[in-house]
Amino acid sequence: MAPAITTLAADAPELSAANTGFMLICSALVMLMTPGLAFFYGGMVRVKSSLNMLMMSFISLGIVTILWVLYGFSLAFGTDSGSLIGWNSDYVGLGNIGLTELWDGYTVPVYVFAVFQLMFAIITPALISGALADRVKFSAWVLFTALWVTVVYFPVAHWVWGTGGWLFEMGVIDFAGGTAVHINAGAAALGVILVIGKRVGFKKDPMRPHSLPLVMLGAGLLWFGWFGFNAGSWLGNDDGVGAVMFVNTQVATAAAMLAWLGYEKLRHGSFTTLGAASGAVAGLVAITPSGGSCSPLGAIAIGAIAGLLCAMAVGLKYKLGYDDSLDVIGVHLVGGVVGSLLVGLFATGGVQSKAKGLFYGGGFEQLGKQAIGVFAVLAYSLVASALLAFLLDKTIGMRVSEDDEVSGIDQVEHAETAYDFSGAGGGAAGRTATAVAAPAQDAKKVDA
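Residues numbered from 1 in each chain as written. Predicted model: local features only at pLDDT ≥ 70, side-chain atom pairs only at ≥ 80, totals over all residues. Heavy atoms only, no water.

**What about the confidence of the model for the protein?**
Phase 1: The predicted model of the protein averages 92 in pLDDT, with 92% of residues at 70 or higher.
Phase 2: Low pLDDT, under 50, characterises residues 2-10; the predicted model gives this stretch 14 contacts beyond four residues in sequence or across chains.
Phase 3: Confidence over residues 428-448 falls short of pLDDT 50; this stretch has one contact with residues more than four positions distant or in other chains. (pLDDT = per-residue confidence, 0-100. Contact = heavy atoms within 4.5 Å.)

Shown next as structure tokens:
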């Protein structure tokens, strides 16, 4: 996220209608990413779990929105307290903010900044859900989401982006969420699955995606929305930094997709649609923290490295025995770590800040800062998330029963199925229905 701009009172910025409109559009784009994520994840699971997967993302739109208005924005972006958390009573309920009151140092209203940041808060717990497919009670997931954003996301967002936050003040660069969003969610996913365990049939039964077209649709919506996620994080268009971030988002994503597919072809002999979608998301994740500090050529390198390493990482769950259902750890945790650390190599010193990476004469200083940010967020999120999951598991229970998991979580938790074939016709069922209907129709003709 863009650092605050220090200005004298006489030079205080005025509200910019252009930047305000741009940021509202970006906020809508980031909101669209959560339904896009729902489709992406929903297509990757088996048909009996697809509705549950959609709902685990959609419910975040409801829960996090209310908590953000009540106290989340204040905790994340209020006045700093001890470099760990914020608080501003004027932000509680968003009820004591002037209509044209500007976010400090910028040309957009506080309301606009708050709603833009809300969309980041919404999608982050939704990302976690992909690791937990097929086996978590929906009620437990709802409670976990509410607790997790309160205990983990809001404080970490303050560390990374809030004025006074300890990582922000240290100079850790995270343009749009490599640590606060992707490492945070990926580490949380690992913490939870270590507590709740594997799916029934993991490494034994086939668990292939039920709808690759849905996966590709979701990936496309994520790619589209990510331009708001990344370019919008500069909070304006006055100096060209956002434009560089827009370009870097596109080229890194393209490079990562190609690198993933190349690895896949060499390793497994095929170019798959799932690989293309996953590679694109890996590139989007990696460029999120780094795209505001590198050149387009650096973005290509970052995307290619992330695509290759994430493709290699997704297979670790079979070797190490943890059941990351939809590769949240392999893509978001690994991609976030890669992108955040590569700032320390590829930062040019000529885009969002003067900080330079190792390849541009900056030595190891920025790389060291990035490493501290990466591992601090990873460790805190991993431990806190595991503790939350453990407490919920020992109280209300996190998992559905084995029988319910095998029969299908959609029917058990939501009393619905994704596809209703009863009226499709055709086949034996269709011929039987036709045979039964025909005599009835003939009888009506006789009666007439």
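**Considerations on the pattern of salt bridges**
Phase 1: Taken as a whole, this structure holds six salt bridges when the rule is applied.
Phase 2: As a salt-bridge pair, Asp-323 and Arg-199 come within 2.8 Å of each other at their nearest N and O atoms. With Asp-323 in the loop between helix H11 (316-320) and helix H12 (328-346) and Arg-199 in the loop between helix H6 (178-196) and helix H7 (212-231), this residue pair connects regions lying 124 residues apart in the sequence.
Phase 3: The class for Asp-323 is buried, based on a relative accessible area of 2%.
Phase 4: Take Arg-199: its relative accessible area is 9%, and that puts it in the buried class.
Phase 5: Between Lys-369 and Glu-365 there is a salt bridge; the shortest N-O distance is 3.5 Å. Residue Lys-369 and its partner Glu-365 are located together in helix H13 (residues 365-395), separated by four residues, close to a single helical turn.
Phase 6: A residue is classified by how much of its surface remains accessible, and Glu-365, at 55% relative accessible area, is exposed. (Salt bridge = Lys/Arg side-chain N within 4 Å of Asp/Glu carboxyl O. Helix = DSSP H or I, 4+ residues; strand = E, 2+ residues; numbered from the N terminus. Buried < 20%, exposed > 50% of the residue type's maximum accessible area, 1.4 Å probe, protein only.)

**A closer look at the nonpolar core**
Phase 1: With 109 residues, the main nonpolar core has Phe-40, Phe-73, Leu-132 and Tyr-153 as its most contacted residues.
Phase 2: The residues contacting Phe-73, other than those within four sequence positions of it, are Trp-68, Gly-78, Tyr-91, Leu-94, Trp-103, Val-110, Phe-113 and Ala-114.
Phase 3: Counting residues in hydrophobic clusters, the runner-up holds eleven residues, among them Ala-286, Cys-294, Ala-299 and Ile-302. (Core = buried A, V, L, I, M, F, W, Y, C linked by side-chain atoms within 4.5 Å.)

**Quick word on a nonpolar patch on the surface**
Phase 1: Together, Ile-305, Leu-308, Leu-309 and Met-312 make up an exposed nonpolar region whose accessible area comes to about 300 Å².
Phase 2: With respect to the helices and strands, the residue Ile-305 is situated in helix H10 (residues 296-313). (Patch = residues over 30% accessible without salt bridge, like charges linked within 9 Å, V, L, I, M, F, W, Y side chains within 5 Å. Areas by Shrake-Rupley, 256 points an atom, 1.4 Å probe, with all protein chains shown as cover.)

**Notes on the packing of helix H3 (residues 110-128) against helix H4 (residues 138-161)**
Phase 1: The interhelical angle for the contact between H3 and H4, taken along N-to-C directions, is 125°, at an axis separation of 10 Å. Overall, the two elements H3 and H4 adopt an arrangement that is oblique. Relative to H4, H3 is oriented so that their crossing is right-handed. Contact residues: Gln-117, Phe-120, Ala-121, Thr-124, Pro-125 and Ile-128 in H3; Trp-141, Phe-144, Thr-145, Trp-148, Val-149, Tyr-153 and Trp-161 in H4.
Phase 2: Tallied by class, residues from the contact of H3 with H4 come to ten nonpolar, three polar and no charged. (Axes fitted to C-alpha atoms, helices over the stretch in contact; angles between N-to-C directions. Parallel < 35°, antiparallel > 145°, perpendicular 65-115°, else oblique. Left-handed = near helix turned anticlockwise from the far one by under 90°. Nonpolar A, V, L, I, M, F, W, Y, C, P; charged D, E, K, R; others polar.)

**Quick look at helix H8 (residues 241-268)**
Phase 1: Under the 1.5 Å per step criterion, the end-to-end length of H8 is 40 Å for 28 residues, consistent within 8% with the ideal 40 Å.
Phase 2: At the C-terminal side of H8, Gly-269 shows a positive phi close to 85°. (Expected span 1.5 Å × (residues − 1).)

**A word on the side chain of Thr-288**
Phase 1: Examined against the element boundaries, Thr-288 turns out to sit in helix H9 (residues 273-290).
Phase 2: Residue class for Thr-288 comes out buried when judged on its relative accessible area of 0%.
Phase 3: A distance of 2.8 Å separates a polar atom in the side chain of Thr-288 from a polar atom in the side chain of Trp-226.
Phase 4: Reaching out from Thr-288, the side chain makes a polar contact with the side chain of Asn-230 at a distance of 3.4 Å.
Phase 5: Beyond its immediate stretch of four places on either side in the chain, Thr-288 contacts Phe-175, Ala-176, Gly-177, Gly-178, His-182, Trp-226, Phe-229, Asn-230 and Met-245. (Polar contact = N/O pair within 3.5 Å; in protein donor to acceptor, adjacent residues only side chain to side chain.)

**Observations regarding H10**
Phase 1: Its 18 residues give H10 an end-to-end C-alpha distance of 25 Å, which sits within 8% of 26 Å, the value for a rise of 1.5 Å per residue.
Phase 2: The complete set of buried residues in H10 reads Gly-298, Ala-299, Ile-302, Gly-303, Ala-306, Gly-307, Cys-310, Ala-311 and Ala-313.
Phase 3: Along its buried surface, H10 packs onto H8, H9, H11 and H12.

**Quick notes on the environment of Thr-348**
Phase 1: Tracing the backbone through its elements, the reader meets Thr-348 in the loop between H12 and H13.
Phase 2: Along the chain, Thr-348 and Asp-404 lie 56 residues apart, while their C-alpha atoms are 53 Å from each other.
Phase 3: Residue contacts for Thr-348: discarding those within four places in its chain leaves Ser-293, Cys-294, Ser-295, Ala-355, Lys-356 and Tyr-360.
Phase 4: At a separation of 3.1 Å, a polar atom in the side chain of Thr-348 contacts the main-chain amide nitrogen of Gly-350.

**Quick notes on the environment of Thr-179**
Phase 1: Mapped onto the elements of the fold, Thr-179 is located in helix H6.
Phase 2: By relative accessible area, which is 2% here, Thr-179 ends up buried.
Phase 3: Along the backbone, Thr-179 and Leu-378 are 199 residues apart, and their C-alpha atoms lie at a distance of 8.0 Å.
Phase 4: If near-sequence neighbours (up to four positions away) are discounted, Thr-179 is found in contact with Val-160, Asp-174, Asn-184, Ser-340, Gly-373, Val-374 and Val-377.
Phase 5: Looking at Thr-179, its side chain comes within polar contact range of the side chain of Asp-174, at 2.4 Å.

**Quick word on the packing of aromatic side chains**
Phase 1: Counting across every chain of the model gives 25 aromatic pairs.
Phase 2: Judged by centre distance (6.4 Å) and plane angle (40°), the rings of Tyr-91 and Trp-103 are tilted. Pair noted here: Tyr-91 is in the loop between strand E2 (85-87) and H3 and Trp-103 is in the loop between E2 and H3, with a separation of twelve residues, a long-range link.
Phase 3: Given the relative accessible area of 13%, Trp-103 is considered buried.
Phase 4: Their ring planes at 50° and their centres at 5.1 Å tell us that Trp-159 and Tyr-380 sit as a pair that is tilted. In this pair, Trp-159 is assigned in helix H4 and Tyr-380 in helix H13, connecting sequence segments 221 residues apart.
Phase 5: According to the relative accessible area criterion, Trp-159 is buried, its value standing at 8%.
Phase 6: A network of ring pairs unites the aromatic residues Trp-68, Tyr-71, Phe-73, Phe-77, Tyr-91, Trp-103, Phe-113, Tyr-153 and Phe-154 as a single cluster. (Phe/Tyr/Trp six-rings, centres within 6.5 Å; stacked < 30°, edge-to-face > 60°.)

**Considerations on unusual backbone geometry**
Phase 1: Positive phi values are uncommon outside glycine, yet Ser-83 reaches one of about 65°.
Phase 2: With respect to the element layout, Ser-83 can be found in the loop between strand E1 (79-81) and E2.
Phase 3: Relative accessible area serves as the criterion here: at 26%, Ser-83 is assigned to the partly exposed category.
Phase 4: Positive phi outside glycine occurs at Leu-235, with the angle close to 65°.
Phase 5: Looking at the secondary structure, you find Leu-235 in the loop between H7 and H8.
Phase 6: Residue Leu-235 is classed as buried on the basis of its relative accessible area of 3%.

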